[in-house]
Every structure is written in C-alpha cells, then in structure tokens.
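Examining the three-dimensional arrangement
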Amino acid sequence: MALLAAARLARDQATLEAQRPEVQWSVAGATEWVPVPVRQEVRVGDRVRTSTTGRARLVYFEGSVTDVGPGTGVLVQRLEASPEGSLTMRLFQAVGTTLSRVRQLVDPAAGFEIETPAATAFVRGTTPRVQVG
C-alpha cells in the first residue's frame, strides 16, 4: 500500500535539477524564494526562476523534460497523471526561454501546455522552444 501511495505521489510532482547557479524555488502560496543547490521536488503552485546565468531542468515522472534557460520564470499550474498514467501538465512562463522534450502522448486525456502572456503552446510529442521577452 505504501508503494502505491509513493507511486501516486511521484505522478503529481516533478524534479527540479539546478544545472548552473542561481536557481530559486518558491513553494505554492509563499512569497520567499529559496536557492536550489542540486535538486528540489516541485508541485502544482510552485514557482521556479533562474538568474541571468542560471539553468535548470524539470524532469517529469514519465521522462519528458523542460530545460529552463537563464533569466526565466515559470509557475507549475497543473501536474498529474491522466487516468491511463500519461503526463498532463501546464506551465505558465512569464519570462525567459524554455526548451521541452516531450515524449509522445498517445492518451487523449494527456497534455503538455506552456502558457505565456501572449499565447499557449499545446504539444503531444515534440520539442517546443518557448521564448518570452
């Protein structure tokens, strides 16, 4: 039973990997930012930002990744498994550049979205690069 609960938990979070300093994380509802030295679990409502030289990677439970470039800010709006276990996620990207490598989503309930102030990118298995000035 504990193993099942751990598997469920892993499907509603991503792992934030700091690749170059400085990467910061803010838990849902908080106003303060915390430096991420190596790794941090990220859930819905959490925010991530990088300095002008920082780089990070969000790794999702099924293998898709989002590389977060320098000077970028994102908010995790949705992160869960579809009924068949595929990735269903949405990021809001306020500024900066992301490059995502999305595994093929064959489940009709699955989705990968990046929303910006100007548009929303919705993909099902490709490598979208999103840049917000």
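Report on the accompanying structure. The structure presented is a predicted model; accordingly, all values stated were derived computationally and were not measured.

Calculation criteria
Residues numbered from 1 in each chain as written. Predicted model: local features only at pLDDT ≥ 70, side-chain atom pairs only at ≥ 80, totals over all residues. Heavy atoms only, no water. Helix = DSSP H or I, 4+ residues; strand = E, 2+ residues; numbered from the N terminus. Rg over C-alpha atoms; globule rule 2.2 N^0.38 Å. Buried < 20%, exposed > 50% of the residue type's maximum accessible area, 1.4 Å probe, protein only. Salt bridge = Lys/Arg side-chain N within 4 Å of Asp/Glu carboxyl O. Pairing = 2+ DSSP bridges. Phe/Tyr/Trp six-rings, centres within 6.5 Å; stacked < 30°, edge-to-face > 60°.

Check the secondary structure of the protein and you find one helix and 12 strands. If you list the helices and strands of the protein from N to C, you get α-β-β-β-β-β-β-β-β-β-β-β-β. Its C-alpha atoms give the protein a radius of gyration of 14 Å, near enough to 14 Å, the size a compact globule of 133 residues would have. Dimensions along the principal axes, computed over C-alpha positions, put the protein at roughly 40 × 35 × 25 Å. Out of the 133 residues in the protein, the part that is buried amounts to 42%.

A cis amide bond links proline 21 to the next residue, glutamate 22, at an omega of 0 degrees. Locating glutamate 22 in the fold gives a position in the loop between strand E1 (14-20) and strand E2 (23-26).

Two side chains that carry opposite charge are able to pair once their charged atoms sit near each other. Taken as a whole and assessed by the stated rule, the structure comprises four salt bridges. Across the pair glutamate 17 and arginine 39 runs a salt bridge whose closest N-O atoms are separated by 3.7 Å. Of this pair, glutamate 17 sits in strand E1 while arginine 39 sits in strand E4 (residues 39-42), and the two are 22 residues apart along the sequence. By relative accessible area, which is 54% here, arginine 39 ends up exposed. Of the charged contacts in the structure, one is a salt bridge between glutamate 80 and arginine 78, with a shortest N-O distance of 2.9 Å.

Examined bridge by bridge, strand E5 (residues 47-50) and strand E8 (residues 73-81) share three bridges and lie antiparallel to one another. Within E8, the residue paired with arginine 49 across the bridge is glycine 73. The hairpin formed by E8 and strand E9 (residues 87-101) contains five residues between the paired strands, and glycine 85 there has a positive phi angle of roughly 95 degrees.

Aromatic rings considered in pairs are described by the distance between their centres and by the relative angle of their planes. Applying the stated rule across the entire model yields one aromatic pair. On the numbers, 5.9 Å between centres and 85 degrees between planes, the contact of tyrosine 60 with phenylalanine 112 is edge-to-face. In this pair, tyrosine 60 is assigned in the loop between strand E6 (55-59) and strand E7 (65-68) and phenylalanine 112 in strand E10 (residues 111-115), connecting sequence segments 52 residues apart. Of the residues examined, tyrosine 60 reaches a relative accessible area of 4% and is grouped as buried.

The values reported here are purely geometric and, on their own, carry no functional implication.
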